[in-house]
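# Descriptive analysis of the structure
Here is how the chains run, residue by residue.
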Amino acid sequence: MILFYTILCLIPCTWAMERRMIEPPIRVDLSSPGDVQFFSTSDVKTSWITMPIDHFDPQNKDTYQMRFMFNDEFFGGDGYPIFILVGGEWDIVEGWLRAGNMYEAARENKGYQFYTEHRYYGESLPYQNFTTQNLRFLNVDQALADLAYFISEMKSHPRFANSKVVLYGGSYAANMVIWFKQKYPHLVVGGVGSSGPILAKVDFTGYLEVVHQAFLSEGGEQCIATIRQGIADTIAAMNTEAGRRELERNLRLCAPLDYNNEYELGFLSGLISWTFSTSVQQARPGSLRTICDNFATEAYGTNPMEKIGGYIATIRNLGEDDCWNINYENYIEGYRNRNTNSRAWYYQTCTEYGYYQTAPRIGTVFDQLRWLSVAFYVDVCKQAYDPSFDEAFVYAAADRVNRVYGGLEPKVNNTVNIHGIIDPWHALGVYEEDLSETSPTYTVPRASHCFDMQRWLRTDTIRMTNAQQAARRLIASWLK
Ligand SMILES: *[C@@H]1O[C@H](CO)[C@@H](O)[C@H](O)[C@H]1NC(C)=O
Ligand SMILES: *[C@@H]1O[C@H](CO)[C@@H](O)[C@H](O)[C@H]1NC(C)=O
């Protein structure tokens, strides 16, 4: 997924050439509903609610406009339920109220659908200028309070006075569903959390471990061997001048790297690992197999190093004349002083979750990319936000979240907890046991991130469909 890229024609460059940037897949973007197609003509409308900026300081009267969307096509009237799709670190879009598992649940239960936007994302901006100072009201505690305020406001309308409320959320928004049910059980009857990484963790080696496992289980030993060799050859090439030029050519870099800068090599490691990560995070049954088939032929290149570069260019749709801008200063600049979803989310990783996808140390193909260190990821916190956001700060921030929300042991009833085995994020979720007697966990083989939120797809396995249906059956039981 191309999350941000810039056109920077600093050096003599042809009019068509694009210098593209990438960012780590720490931020999940559910703003486009995958390969869901829309035959539906259902009418989705947008509205705004005035929201306190600080829910925890009665003396602070500042407000902002929070965006939400709604779809009333199935609503049965008095006493019928409200479904809220919880927005996370992305722009809300209408498509998610036109198809998908929550849409089906709304249809089955004659529910009213809402989609709420998370503060500081999309158009729900408490401040236009995202200075570090202005970001201090960006945290999950405030975002859950927004949701509580929203529900109270809606329930104050006679039309919804007797409506029960069900939440649905994916990724970080799945955490929000689970944590909301725990913190505000009086406001909702239940929720579905899809792929929630509910444990905050700074040195998240487990992520790339799952990416490796996913390629192994879907693509086989041979595929892993080729990838391992390609990365090894890339690293070995760094040792000579000729090797470096070959590396830059194979990976389609815009300019020679600064091989003395560990963080620039971290960024280069990211170009490689984040691409494999993105393939896995968005995988559907068969998609990794296809990539491995290409690694086995000459589709991506002739030797292993070439294949790595060809794979990245193909997966990320790099144009013929385009190149990767792997300049560390430009990378940091991408997070500085701009009101983007990327800046907002990286701030939340520094101050709440970590989630840094560091090099594993158990023999995966990514172990070799040792520049993917905590120091590399935390340097963005220091440079783009505040020098005091150092490693000790980030570790303490993650500890706070785990203390406040219970880490892997949240106390909830009526909360469905869904994970996919090849989803790298499941490593920070509860996937081997139920959350409680009334809160079952469904961990589905071959499934990836937030698979259950989509509508039915041809590639879905029976296990995937079963998990979606199980969630809907539980929802129906809460609404009896
Ligand atoms: C945001 O605020 C900072 C600090 O006051 C200022 O330097 C910067 O120019 C502002 N940015 C915008 C886009 O207004
Ligand atoms: C969940 O429900 C059970 C049974 O009613 C109850 O004993 C328990 O306290 C509930 N837990 C929470 C966290 O509400």
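Residues numbered from 1 in each chain as written. Chains lettered and ligands numbered in written order. Predicted model: local features only at pLDDT ≥ 70, side-chain atom pairs only at ≥ 80, totals over all residues. Heavy atoms only, no water.

All right, on to the overall build of the protein then. Looking only at helices and strands, one finds 14 helices and 12 strands in the protein. Scaling as 2.2 N^0.38, a compact globule of 480 residues should have a C-alpha radius of gyration of about 23 Å, and the protein matches this with 23 Å. Oriented by its inertia axes, the alpha-carbon framework of the protein measures out at about 75 × 50 × 45 Å. With 480 residues in all, the protein has 60% of them scored as buried. (Helix = DSSP H or I, 4+ residues; strand = E, 2+ residues; numbered from the N terminus. Rg over C-alpha atoms; globule rule 2.2 N^0.38 Å. Buried < 20%, exposed > 50% of the residue type's maximum accessible area, 1.4 Å probe, protein only.)

Before going further, it helps to spend a moment on the packing of helix H2 (residues 140–155) against helix H3 (residues 172–183). Axis separation between H2 and H3 bottoms out at 10 Å; the angle between their running directions is 65 degrees. It follows from the interaxial angle that H2 and H3 lie roughly perpendicular. You can see that H2 and H3 cross each other, and the crossing is right-handed. Between H2 and H3, the contacting residues are Val-140, Asp-141, Ala-143, Leu-144, Leu-147, Ala-148 and Ile-151 on the first element and Tyr-172, Met-176, Trp-179, Phe-180 and Lys-183 on the second. Here the residues of the contact of H2 with H3 sort into 10 nonpolar, no polar and two charged. (Axes fitted to C-alpha atoms, helices over the stretch in contact; angles between N-to-C directions. Parallel < 35°, antiparallel > 145°, perpendicular 65-115°, else oblique. Left-handed = near helix turned anticlockwise from the far one by under 90°. Contact = heavy atoms within 4.5 Å. Nonpolar A, V, L, I, M, F, W, Y, C, P; charged D, E, K, R; others polar.)

Here we come to the state of the cysteines. Applying the stated rule across the entire model yields three disulfides. Note that Cys-254 is cross-linked by a disulfide to Cys-323, the S-S spacing being 2.0 Å. Disulfide Cys-254-Cys-323: the torsion about the S-S bond is 100 degrees, which places it as right-handed. One end of the pair, Cys-254, is in the loop between helix H6 (241–250) and helix H7 (262–281); the other, Cys-323, is in strand S9 (residues 323–324), with 69 residues separating them in the sequence. Across the disulfide, Cys-350 is cross-linked to Cys-381 (sulfur-sulfur distance 2.1 Å). In this structure, the disulfide formed by Cys-350 and Cys-381 twists by about -90 degrees around the S-S bond and is classed as left-handed. With Cys-350 in helix H11 (residues 341–353) and Cys-381 in helix H12 (residues 374–384), this residue pair connects regions lying 31 residues apart in the sequence. Its relative accessible area of 0% is what places Cys-381 among the buried residues. (Disulfide = S-S within 2.5 Å.)

In terms of nonpolar packing, the biggest core is built from 158 residues, with Phe-215 and Tyr-346 touching the most fellow members. Considering each element in turn, this core owes the most residues, nine residues, to H2. When residues are assigned to domains, this core turns out to be shared by domain 1 (45–198 + 409–478) and domain 2 (202–317 + 324–397), each giving three or more. Ignoring sequence-local partners within four residues, the contact set of Phe-215 consists of Gly-220, Cys-223, Ile-224, Ile-227, Phe-276, Ser-279, Val-280, Leu-288, Ile-291, Cys-292 and Tyr-311. (Core = buried A, V, L, I, M, F, W, Y, C linked by side-chain atoms within 4.5 Å. Domains from an automatic or database assignment.)

What follows covers the pairing of strand S4 (residues 82–86). Strand residues, when the strand is regular, have side chains that alternate between the two faces of the sheet. Among the five residues in S4, five count as buried, and that is most of the element. Burial of the side chains of S4 extends over both faces: Ile-82, Ile-84 and Val-86 are buried on one face and Phe-83 and Leu-85 on the other. Where S4 lies against strand S5 (residues 112–116), five bridges are found, and the strand directions are parallel. Within the sheet, the bridge partner assigned to Val-86 lies in S5 and is Thr-116. Between the parallel elements S4 and S5, the chain passes through helix H1 (residues 101–108) in a crossover that is right-handed. Pairing analysis gives four bridges linking S4 to strand S6 (residues 165–170), with the strands arranged parallel. Residue pairing across strands places Phe-83 opposite Val-166, the latter belonging to S6. (Pairing = 2+ DSSP bridges. Right-handed = clockwise from strand over helix to strand, strands pointing away.)

The final tally for this structure, using the stated rule, is 51 aromatic pairs. On the numbers, 6.5 Å between centres and 15 degrees between planes, the contact of Tyr-385 with Phe-389 is stacked. Taking relative accessible area as the criterion, Phe-389 reaches 7% and is therefore assigned buried. Counting every residue linked through ring pairs, the aromatic cluster contains Tyr-263, Phe-267, Trp-274, Tyr-328, Tyr-331, Tyr-335, Tyr-346, Tyr-356, Phe-376 and Tyr-377. (Phe/Tyr/Trp six-rings, centres within 6.5 Å; stacked < 30°, edge-to-face > 60°.)

Turning to the sheet that holds S4, a few remarks are in order. If you trace the eight strands from one edge of the open sheet to the other, you get S2-S3-S5-S4-S6-S7-S11-S12, paired in mixed fashion. The sheet terminates laterally at strand S2 (45–52) and strand S12 (441–444), the two strands that pair on one side only. The mean angle between the axes of side-by-side strands here comes to 20 degrees, regardless of whether they run parallel or antiparallel. Along the sheet, H3 makes contact with S4, S6, strand S7 (190–194) and strand S11 (415–420), crossing S6 at roughly 145 degrees. Of the strands in this sheet, S4, S6, S7, S11 and S12 are in contact with helix H14 (residues 462–478), which crosses S12 at around 165 degrees.

The subject of this paragraph is the environment of Glu-264. One can find Glu-264 in helix H7. The exposure class assigned to Glu-264 is buried, which follows from its relative accessible area of 7%. Setting aside residues up to four positions removed in sequence, Glu-264 forms contacts with Leu-257, Asp-258, Ile-326, Asn-327 and Tyr-328.

As a further point, take the pattern of salt bridges. For the structure on display, the rule yields 20 salt bridges. A salt bridge links Arg-361 to Asp-203; its shortest N-O distance comes to 2.8 Å. Of the two residues, Arg-361 sits in the loop between strand S10 (354–356) and H12 while Asp-203 sits in strand S8 (residues 201–203), which places them 158 residues apart along the sequence. Linked by salt bridges that have partners in common, Glu-241, Arg-244, Arg-245 and Glu-248 make up one network. (Salt bridge = Lys/Arg side-chain N within 4 Å of Asp/Glu carboxyl O.)

Now for unusual backbone geometry. For Tyr-120, which is not a glycine, the phi torsion comes out positive at approximately 75 degrees. Position of Tyr-120 among the secondary structure elements: in the loop between S5 and H2. Unusually for a residue other than glycine, Arg-252 sits at a positive phi of about 60 degrees.

Moving on, we come to the domain arrangement of the protein. What the domain assignment reports for the protein is domain 1 (45–198 + 409–478) and domain 2 (202–317 + 324–397). Here domain 1 and domain 2 have C-alpha centroids that lie 30 Å from each other. Each partner contributes residues to the interface: domain 1 has 40 residues there, and domain 2 has 33 residues. With both sides pooled, the region where domain 1 packs onto domain 2 buries about 2800 Å², and carbon together with sulfur makes up 59% of that total. Inspection of the domain 1/domain 2 interface yields two salt bridges. In this structure, Arg-284 engages Asp-460 in a salt bridge whose closest nitrogen and oxygen atoms are separated by 2.7 Å. Taken together, domain 1 and domain 2 are joined by 19 residue pairs in polar contact (both at pLDDT 80 or more). For the side of domain 1 that touches domain 2, the secondary structure elements donating two or more residues are H2 and H3. Per-element accounting of the side of domain 1 that touches domain 2 gives the leading share, three residues, to H3. Each residue belonging to the side of domain 1 that touches domain 2 can be placed in one class, and the counts come to 20 nonpolar, 13 polar and seven charged. (Buried area = accessible area lost by both parts, 1.4 Å probe. Polar contact = N/O pair within 3.5 Å; in protein donor to acceptor, adjacent residues only side chain to side chain.)

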